[in-house]
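Residue-level structural notes
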Amino acid sequence: MYQYDAIDTQLVNERVAQFRDQVRRWKSGELTDDEFRPLRLQNGLYLQRHAPMLRIAVPYGMMNSTQLRKLALIARTYDKGYGHFTTRQNIQFNWPKIEDVPEILAHLAEVEMHAIQTSGNCIRNITTDQFAGIAADEVIDPRPLAEILRQWSTFHPEFSFLPRKFKIAISGTREDRALTWFHDIGLHLQERDGETGFRVLVGGGLGRTPIRGQILREFLPWQHLLTYCEAILRVYNLEGRRDNAYKARIKILVQALGIEAFAERVEAEWEQLKDGPATITQAEFERVAAHFGKPAYEAVVDFAPTAEKGFKNWLDRNTSAHQRPGYVALTLSLKKHGVAPGDISAEQMEIIADLADQYSFGELRISHEQNVILADVKQSDLPAIWKIARENGLATPNLGLLTGIICCPGGDFCDLANARSLPVASAIQERFDDLDYLFDIGDLELNISGCINACGHHHVGHIGVLGVDKNDAEFYQVTLGGRQGNQAQVGKVIGPAFSAAEMPDTIARIIDVYLAQRHADEVFIDTFDRIGITPFKEHVYAARTQVNKKQSLLEAA
Amino acid sequence: MAQLIKNQTTTVDAWKTLEVGSDETPETLALPPGDIIFPLAVWQARRAEIIAGHKRIGLFLHAGDPLTAIAGDLDYFIVIAIDFPKFVDGRAYSMASLLRQRYHYEGELRAVGDVLHDQLFYMQRVGFDSYALKDGKNAAFAAGSGFTPFSDSYQSASDQPQPHFRRRPA
């Protein structure tokens, strides 16, 4: 993975000093709260319900074992012994003290990490596919260009006070795993007539107004990535709405102008920037790409695992195809039933760091599904890893199953939330704790967000759950039919919201309809697309009416 | 009275900014003598008169004012002031970049309004070279350390046309 050069180290160290001084001036009253807020946000620091929250960048989800051990140290020293991986491949700590944050940043800088631009109205962490560089369906490794974008976007003087946050995702595979259709800019790396370039999408996003991105340009040669992004950002910075934070994302501007008029403005701006100094050179591409070379794979053949059922289930769900024979990408699940999805203890961090050193060239990745991936594992090492992972709560074989829930921290931690999300996730996991039943249900993605900001990506869950606040009580709105990938789409609302207590039954009723209606080997989302929302709606609310009737009868009696 | 920072030191401001009162119009208000920064609307309404009566002319732009309106006039201005209505409103960064890089404006480019210590570095990079720091802030401290939190940058900008990757030793 990428290793810091002199300038990278220098800038990160200077950032630590700068933030230390900003905290000092805020404490002394030289900076008002309003003046300090954007500064701390651009260092990932939120003031939350119980304590500040610090979000640390994991650029395009790549990390090494040294960095993970440092996060374990931070979790123990400055937090309550755990961290939380987010849906943007970053990690959050929920209990640091503001006064400690400069010290935490100094620790991070020692291992080439930072919290730069993990929040605020600026260009956020660039995300990509967690299987970048090893995926069997990969066309081009997106990581070198993701790193070039990271550097370009870091402290960009023109784009540090945008109308709203700005998220860029890159995918280099046939099947999109980076949710590119729902980013401010989505990039699809591809080859055309022997040339490498991007299809550029713009104006996608989840949140309050979920919109699928639109194609801005069918093909952009890779050398022009930075100048083209600059053109997009400049049009957005000058013309994006600043009067209403809910209408300030680029998706609203693109909708207001229409994609053709927006594209015209971008192309006109790009005409002026094209071939300028920001055009990426072959030498720079090669310098960065050299950091993402293939590790020293051994010549091994595919390994036939034992038929032991638990082990086989784990292999079926939690390993993914690799470019090299005899190797797999292994997902260590942070979705153990009863534990907050994406949460990881300091001990687990250290165990994973050891596993990475021993079995996967010392590197690991974080997925937007909030799991940890060992990307280069020999199949013959899987039994040994399984034993350790199982002993440490990292081997729940529920990747892509109903209980492998994507979930934000919700109202238990987050100040923005309207409702708690973790107890709902936990209640559903408890209700569906039978692995055989989960395997029978098969591929099903359940995503939960505690508010409309959609950090839990509920819009694109096959089943999506959104926490809402009705008269100071928590309710949950359910959507069906969302999906990520090449056919990414937003789910449809099934009907009136449910109480937390009703949620496990509601999910069970949705599953009942699927199991009754599915054709052989048909997964949930395909059944949904075939039969539509009505059968689900009828069954879910029929049950609810009966319960309500019973309740009124009891009360009347 | 805002404190002016120029060449990384505090200085006295010789310019006065003309304001159009609520009972005045750009077409009819009196044009004072001396070094005046004129609002865009006044410049557009009274261009010939201003040129005839003033040797040194300044222009005041609001965030969002269209630069195409003055693209042909830039040689007249000794100073262009761009307003930051709030420091989180970043439109002036793009306006400054365009004035320097696209329209090749070479006069003084002044940041006015909600101008604070922690944005000076970015302002300098996009092409501002004078800064009317917000009242009540420590101008000497800002002038001393606000421009140098970072000793280098990755991207090209008005202050450094070459991105870092083109400046690497071969």
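Residues numbered from 1 in each chain as written. Chains lettered and ligands numbered in written order. Predicted model: local features only at pLDDT ≥ 70, side-chain atom pairs only at ≥ 80, totals over all residues. Heavy atoms only, no water.

1. What about the overall build of chain B?
For chain B, the helix and strand inventory stands at four helices and eight strands. Sequence-ordered secondary structure for chain B, helices as α and strands as β, is β-β-β-β-α-β-β-α-β-α-β-α. For 170 residues, the compact-globule estimate of 2.2 N^0.38 gives 15 Å, and the C-alpha radius of gyration of chain B, at 17 Å, lies within 12% of that figure. By principal-axis analysis of the C-alpha atoms, chain B measures approximately 60 × 35 × 25 Å. For chain B, the proportion of its 170 residues judged to be buried stands at 52%. The long-range fraction of contacts in chain B, counting pairs at least 24 apart against all pairs at least 6 apart in sequence, stands at 49%. When the accessible surface of chain B is split by element, carbon and sulfur atoms take 51% of a total near 7,700 Å². Charge centroids of chain B, computed over 17 positive and 20 negative side chains, lie 7 Å from each other. (Helix = DSSP H or I, 4+ residues; strand = E, 2+ residues; numbered from the N terminus. Rg over C-alpha atoms; globule rule 2.2 N^0.38 Å. Buried < 20%, exposed > 50% of the residue type's maximum accessible area, 1.4 Å probe, protein only. Contact = heavy atoms within 4.5 Å. Areas by Shrake-Rupley, 256 points an atom, 1.4 Å probe, with all protein chains shown as cover. Lys, Arg positive; Asp, Glu negative; His and termini not counted. Charge placed at Lys NZ, Arg CZ, Asp CG, Glu CD.)

2. Overview of the interface of chain B and chain A
When the parts of a complex come together, some accessible area is lost, and that lost area is often taken as the interface size. Chain B puts 38 residues into the contact, and the matching count from chain A is 47 residues. Carbon and sulfur atoms supply 56% of the area buried between chain B and chain A, which totals about 3,600 Å² over both sides. Counting across the chain B and chain A interface gives seven salt bridges. Inspection of the chain B/chain A interface yields 20 residue pairs in polar contact (both at pLDDT 80 or more). Listed by contribution, the elements that provide at least two residues to the side of chain B that touches chain A are α2 (91–102) and α3 (120–126) of chain B. Here the element with the most residues in the side of chain B that touches chain A is α2 of chain B; it accounts for eight residues. Classifying every residue of the side of chain B that touches chain A by side-chain character gives 16 nonpolar, 12 polar and 10 charged. (Buried area = accessible area lost by both parts, 1.4 Å probe. Salt bridge = Lys/Arg side-chain N within 4 Å of Asp/Glu carboxyl O. Polar contact = N/O pair within 3.5 Å; in protein donor to acceptor, adjacent residues only side chain to side chain. Nonpolar A, V, L, I, M, F, W, Y, C, P; charged D, E, K, R; others polar.)

3. Thoughts on the pattern of salt bridges
Close approach of charged atoms allows side chains of opposite charge to pair. Residues and elements named next belong to chain A. A full pass over the atoms with the stated rule returns 54 salt bridges over all chains. Put simply, D21 and R25 hold a salt bridge, and the shortest N to O gap is 3.0 Å. In this pair, D21 and R25 are both assigned in helix α1 (residues 6–27), four residues apart and thus about one turn of the helix distant. With a relative accessible area of 21%, D21 lands in the partly exposed category. Since its relative accessible area comes to 4%, R25 is described here as buried.

4. Here's the deal with the environment of F165 of chain B
Note on placement: F165 of chain B falls in the segment after α4 (139–145). In this structure the C-alpha to C-alpha distance between F165 of chain B and A81 of chain B, which are 84 residues apart in sequence, comes to 32 Å. If sequence neighbours within four positions are ignored, F165 of chain B has contacts with L226, P277, A278, T279, I280, T281 and E284 of chain A.

5. Thoughts on the side chain of D176 of chain A
Residues and elements named next belong to chain A. For D176, the position within the fold is in the loop between β7 (168–171) and β8 (185–192). Side-chain polar atoms of D176 contact the side chain of T180, separated by 2.7 Å. Once residues lying within four places of it in the same chain are set aside, the contact partners of D176 are S171, W181, G485 and N486.

6. A look at the side chain of H224 of chain A
With respect to the element layout, H224 of chain A can be found in the loop between β10 (214–221) and α6 (225–239). For H224 of chain A, a relative accessible area of 10% gives the class buried.

7. Considering the packing of aromatic side chains
Under the criterion given, the structure shown has 28 aromatic pairs over all chains. For the pair W222 of chain A and F285 of chain A, a centre-to-centre distance of 5.1 Å together with 45° between the ring planes defines the contact as tilted. Of this pair, W222 of chain A sits in the loop between β10 and α6 while F285 of chain A sits in helix α9 (residues 282–289), and the two are 63 residues apart along the sequence. What makes W222 of chain A buried here is its relative accessible area of 10%. Three or more aromatic residues link up through ring pairs in this structure, and these residues are F161 of chain A together with F84, F87, Y93 and F128 of chain B. (Phe/Tyr/Trp six-rings, centres within 6.5 Å; stacked < 30°, edge-to-face > 60°.)

8. Some points on the state of the cysteines
All names here are of chain A. Applying the stated criterion to the full structure yields zero disulfides over all chains. Considering cysteine sulfurs only, C408 is the nearest to C407, which forms no disulfide, with 5.3 Å between them. Residue classification places C407 among the buried positions, given a relative accessible area of 0%. By relative accessible area, which is 10% here, C408 ends up buried. (Disulfide = S-S within 2.5 Å.)

9. Some remarks on the nonpolar core
Counting residues in hydrophobic clusters, the biggest one holds 158 residues, and the most contacted among them are I232 of chain A together with F128 of chain B. Per element, the largest residue contribution to this core is nine residues, and it comes from α6 of chain A. The contact partners of I232 of chain A, leaving out residues within four places of it in the chain, are F166, I185, V200, V202, L216, I250, F262 and V266 of chain A. Among the nonpolar cores identified, the runner-up in size contains 37 residues, and A340, C407, V478 and A508 of chain A belong to it. (Core = buried A, V, L, I, M, F, W, Y, C linked by side-chain atoms within 4.5 Å.)

10. Some details on the packing of α1 of chain A against helix α2 (residues 33–41) of chain A
Residue and element names in this part refer to chain A. Relative orientation of the contacting elements α1 and α2 amounts to 160°, with a least axis distance of 10 Å. On the basis of the axis angle, α1 is roughly antiparallel to α2. Of the two elements, α1 crosses α2, and the hand of that crossing is left-handed. Of the residues in α2, those in contact with F19, Q22, V23 and W26 of α1 are D33, F36, L39 and R40. When the residues that make up the contact of α1 with α2 are grouped by side-chain class, the tally is five nonpolar, one polar and two charged. (Axes fitted to C-alpha atoms, helices over the stretch in contact; angles between N-to-C directions. Parallel < 35°, antiparallel > 145°, perpendicular 65-115°, else oblique. Left-handed = near helix turned anticlockwise from the far one by under 90°.)

11. Concerning the domain arrangement of chain A
Residues and elements named next belong to chain A. One can read the domain layout of chain A as domain 1 (6–110), domain 2 (127–289), domain 3 (309–391) and domain 4 (419–556). If you average the C-alpha positions of domain 1 and of domain 3, the two centres end up 27 Å apart. The partner domain 3 presents 24 residues to the 22 residues of domain 1 that form the contact. Summed over both partners, the interface of domain 1 with domain 3 buries about 1,900 Å², with 57% contributed by carbon and sulfur atoms. On the domain 1 side of the interface with domain 3, the three residues burying the most area are L68, R69 and F85, jointly 30% of the side's total. With its nearest N and O atoms 2.7 Å apart, the salt bridge here joins D357 to R69. (Domains from an automatic or database assignment.)

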